[in-house]
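# Structural overview for review
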Amino acid sequence: MSDQESFGFSLEAQPQAHASATEKSSENTASAKTHKTTPSDTKKSKPKNTRAAGATAAEMASRQRDISVSEFFAKNRHLLGFDNPSKALLTTVKEGVDNALDAAEEAGILPDILVEIVQIEEDRFRIAIEDNGPGIVSAQVPKIFGRLLYGSKFHRLRQSRGQQGIGISAAGMYGLLTTGKPVCITTRTAKSKRAHYCELVMDTKTNSPRVRKDIELDWHREHGTRVEIELEGNYRGGQHSVDLYIRQISLANPHAQITYIPPKTNTDEKTHVFPRVADELPAQTAEIKPHPYGVELGVLMQMCLDTKGRNLRSFLQVDFSRVSSNTALEICKTAGLSETRRPQEMHREEVEKLFRAIQKTKLMAPPTDCIAPIGEELIERALRAEVNAEFYATVTRKPVVYRGNPFLIEVGLAYGGSLSADAPVTMYRFANRVPLQYQQGACAITKAITGTDWKSYHLQQPRGALPIGPMLIMVHIASVWVPFTSESKEAIAHYPEIIKEMRLGLQECGRNVSQFIARKRRDADEAKKRAYIVRYIPQVAIGLQEILGFNDVARNQLVESLTHVLERSRGM
């Protein structure tokens, strides 16, 4: 709505209003020549309302129309992580790598991923992400890359990097908005088939793809996908750089090999290969059904309408996890509802009784085979490959539940070595093996770390801030549904259950590092005392020689004997 419309008149009404005002002005001028104004006329005259008539309900209704989801995000792209050119570059790489890892793992293939960034102009780059995954069926390519909110992961309760079906298509939309160039996709599903090459753009008004080129060609990979997006961006180093993201994604995915080719901004930039440190894929995750504790009243009402169960008892058994026949019967009795009641015919009051009965019934926690942790051993191996430290500690907590969704927390810690001792600790945040690089202050991981009392673990810590010392902290949450604070998936919401688990994991690692620091200090004190004693042993031998009068040979033997006694008593 324009400024004029917001004040109650439309642009179309202005010319008529102006003409009417001009005619009246002319009439007033003519009458002024023949009529002399008197004081009584002045009192009787009233100001006239020259404001144009406001828009009618019909006119306002005619301006209403549907808003496409892609049209909305095109105007609000900051919600998806495309706030500025440097962040847009990183977000595009992130979404492409996430899709590549998910596809390869689901197909049972050890991921081999290529990330290439080519600088075309000062503020224009072409990003290519290539993988050895199973490829994409040609009919699905336009929908996957040319539509927002299209994917296979939103309705499945199992751990995956992507969730909403927005990321890679949003990156292509951003590239189209800033450069006008289409997304280029090369994909091949089998060695016996030729590769499929497609160029497409997104129609944001209809949230639908428009294919500009569609051909078959030869490709060097037997199966896999390559996505190329040209966009307006900014390549830079630092905390929010693509370089750091690649290092972190390699750390959280030790089973993947990633080849990274940065833009040739100077002669020192070369191809970087991050080899896999594990030859086994993560455990396959199973899809689970919703847990009754995680379902809200409105969702339960919709599930009653959509269920294929013929009666209430079968509905509870079939559509939910951890509900046995006896448990379903108990819920029905608690709710005061017949087990043979048809769910589709239930009224809102009945569904609310069912909802309250579910909350009162004791149910088993949801199954945890839907999530796959990195594992303590692999986290330590990845940390050793990433940073040169003196001590490493890792912990994988047992799965727990928030709002009916299972999750688990993993913590890795590296201390000492080449890490800086005078700066705040380095913090790596991960969700379903994906690094989180923005909105650090708004993340539950940051709250858990700053809320832990690191002083009790022999580390300095300003109030309400990160601890200071030569340490790297890595926190990973694995869940079927990570509660991100926004669509850009940059920070984790502050659920008390999640923060509690994070703190428990941090405290366990903190106790381990505390023992290491205490032992290191004891060894340092021991070495200092030993140095003092070793320094004065010859003087003691000389004093005894002068008192007892033995020769130099006996004195040297005494020095050796005292040194031996010192080492034996100190356990050296």
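Everything numeric here is computed off the predicted structure, so don't read it as measured data.

## Thoughts on the overall build of the protein chain
- When helices and strands are counted, the protein chain shows 17 helices and 14 strands.
- Taking the contacts inside the protein chain whose residues are at least 6 apart along the sequence as the reference set, 71% of them involve residues at least 24 apart.
- With the model as given, the accessible surface of the protein chain reaches about 30,200 Å², and the carbon-plus-sulfur share is 50%.

## A short note on a negative patch on the surface
- Judged by side-chain charge, E121, E122, D123 and E232 come together as a negatively charged surface patch.
- When you line up the elements, E121 lands in strand 1 (residues 112-121).

## Let's talk about the sheet that holds strand 4 (residues 195-203)
- Strands sit in the order 5-4-3-6-2-1-7-8 across an open sheet of 8 strands; the sheet is mixed. At either end of the open sheet lies a strand with only one pairing partner, and these are strand 5 (208-217) and strand 8 (272-274). Each strand axis lies, on average, 15 degrees off the axis of its neighbour in the sheet, ignoring direction.
- As defined by bridge partners, strand 4 adjoins strand 5 across 9 bridges and the pair is classed as antiparallel. Bridge pairing in strand 5 links L200 to V211.
- Against the sheet, helix 6 (residues 85-106) engages strand 1, strand 2 (124-131) and strand 6 (224-232), with an angle of about 10 degrees to strand 2.
- Sheet strands touched by helix 8 (residues 167-179): strand 2, strand 3 (183-188), strand 4 and strand 6. Its angle to strand 6, the strand with the most contacts, is close to 35 degrees.

## Observations regarding the packing of aromatic side chains
- Applying the stated criterion across every chain, the model contains 8 aromatic pairs.
- Ring centres of Y402 and Y495 lie 5.2 Å apart, and the angle between their planes is 55 degrees; this geometry places the pair in the tilted category. Of this pair, Y402 sits in strand 10 (residues 400-402) while Y495 sits in the loop between strand 14 (471-479) and helix 16 (496-548); the two residues are 93 residues apart in sequence, bridging distant segments of the chain.
- Considering the side-chain rings of Y415 and F516, the 6.0 Å spacing of their centres and the 75 degrees angle between planes classify their relative orientation as edge-to-face. Remark: F516 occurs in helix 16 and Y415 occurs in strand 11 (residues 405-415); sequence separation between them is 101 residues.
- Its relative accessible area of 12% is what places F516 among the buried residues.
- Sitting above the plane of the Y438 ring, K87 keeps its charged end 4.5 Å from the centroid.

## Considering the packing of helix 6 against helix 8
- The contact between helix 6 and helix 8 brings their axes to 8 Å, and the two run at 140 degrees. By the angle class used here, helix 6 and helix 8 are oblique. As for the relative orientation of helix 6 and helix 8, their crossing is left-handed in sense. Contacts between helix 6 and helix 8 pair P85, A88, T92, E95, G96 and N99 from the former with G167, I168, A171 and Y174 from the latter.
- Its residues assigned to classes, the contact of helix 6 with helix 8 comprises 5 nonpolar, 4 polar and 1 charged.

## A short note on the packing of helix 12 (residues 325-335) against helix 13 (residues 348-360)
- Axis separation between helix 12 and helix 13 bottoms out at 8 Å; the angle between their running directions is 120 degrees. Here helix 12 is positioned oblique relative to helix 13, judged by the angle of their axes. As helix 12 runs across helix 13, the sense of the crossing is right-handed. In contact with I331, T334 and A335 of helix 12, helix 13 contributes K353, L354, A357, I358 and K360.

## Observations regarding the environment of D203
- The residue D203 is located in strand 4 in this model.
- As for D203 and E71, which are separated by 132 residues in sequence, their C-alpha atoms are 8.5 Å apart.
- Residues contacting D203, with those up to four places away along its chain left out, are S70, S208 and R210.

## Looking at the nonpolar core
- One finds V93, V97, F145, V242, I246 and Y260 to be the most contacted residues of the largest nonpolar core, which totals 45 residues.
- If we ignore the near neighbours within four places in the chain, the residues touching V242 are L89, L90, V93, I117 and Y260.
- By size, the runner-up hydrophobic cluster in this structure holds 38 residues, among which are F391, A444, I445 and I449.

## Considering the pattern of salt bridges
- Following the criterion strictly, the structure yields 27 salt bridges and no others.
- The residue K520 makes a salt bridge to E390 at a minimum N-O spacing of 3.0 Å. With K520 in helix 16 and E390 in the loop between helix 14 (376-386) and strand 9 (391-396), this pair connects stretches of sequence that are 130 residues apart.
- One connected set of salt bridges, linked through shared partners, spans E116, R126, E130, R221, R226 and E228.

## Examining helix 10 (residues 297-306)
- Within helix 10 the residues assigned to the buried category are L300, M303 and C304. Buried residues of helix 10, viewed axially, fall in a sector of 105 degrees; they line one side. Exposed positions of helix 10 whose direction lies more than 90 degrees from the buried face are L305 and D306.
- On its buried face, helix 10 is in contact with helix 11 (312-319) and helix 13.

## Regarding a nonpolar patch on the surface
- Side chains of Y536, V540, L544, I547 and L548 sit close together on the surface and give an oily, nonpolar patch of about 520 Å² of accessible area.
- The residue V540 is located in helix 16 in this model.
- Relative accessible area serves as the criterion here: at 42%, V540 is assigned to the partly exposed category.

## Topic: the pairing of strand 3
- When you tally the buried positions in strand 3, you get 6 out of 6 residues, the bulk of the element.
- Of the two faces of strand 3, the one holding V183, I185 and T187 and the one holding C184, T186 and R188 are both buried throughout.
- Pairing geometry for strand 3 and strand 4, over 5 bridges, is antiparallel. Residue V183 lies in a different strand from strand 4, and its bridge partner there is L200.

## Side note on helix 14
- When we look at burial in helix 14, the residues that qualify are L378, I379, A382 and L383. Along the long axis of helix 14, the arc covered by the buried residues comes to 135 degrees, so they all point the same way. Those residues of helix 14 that are exposed and aimed more than 90 degrees away from the buried face are E377 and A385.
- Looking at the buried residues of helix 14, the elements they touch are helix 9 (242-252), strand 9, strand 11 and strand 14.

Conventions we followed
Residues numbered from 1 in each chain as written. Predicted model: local features only at pLDDT ≥ 70, side-chain atom pairs only at ≥ 80, totals over all residues. Heavy atoms only, no water. Helix = DSSP H or I, 4+ residues; strand = E, 2+ residues; numbered from the N terminus. Contact = heavy atoms within 4.5 Å. Areas by Shrake-Rupley, 256 points an atom, 1.4 Å probe, with all protein chains shown as cover. Patch = residues over 30% accessible without salt bridge, like charges linked within 9 Å, V, L, I, M, F, W, Y side chains within 5 Å. Salt bridge = Lys/Arg side-chain N within 4 Å of Asp/Glu carboxyl O. Lys, Arg positive; Asp, Glu negative; His and termini not counted. Charge placed at Lys NZ, Arg CZ, Asp CG, Glu CD. Pairing = 2+ DSSP bridges. Axes fitted to C-alpha atoms, helices over the stretch in contact; angles between N-to-C directions. Phe/Tyr/Trp six-rings, centres within 6.5 Å; stacked < 30°, edge-to-face > 60°. Buried < 20%, exposed > 50% of the residue type's maximum accessible area, 1.4 Å probe, protein only. Lys NZ or Arg CZ within 6 Å of the ring centre and 35° of its normal. Parallel < 35°, antiparallel > 145°, perpendicular 65-115°, else oblique. Left-handed = near helix turned anticlockwise from the far one by under 90°. Nonpolar A, V, L, I, M, F, W, Y, C, P; charged D, E, K, R; others polar. Core = buried A, V, L, I, M, F, W, Y, C linked by side-chain atoms within 4.5 Å. Arc of directions from axis to C-beta.

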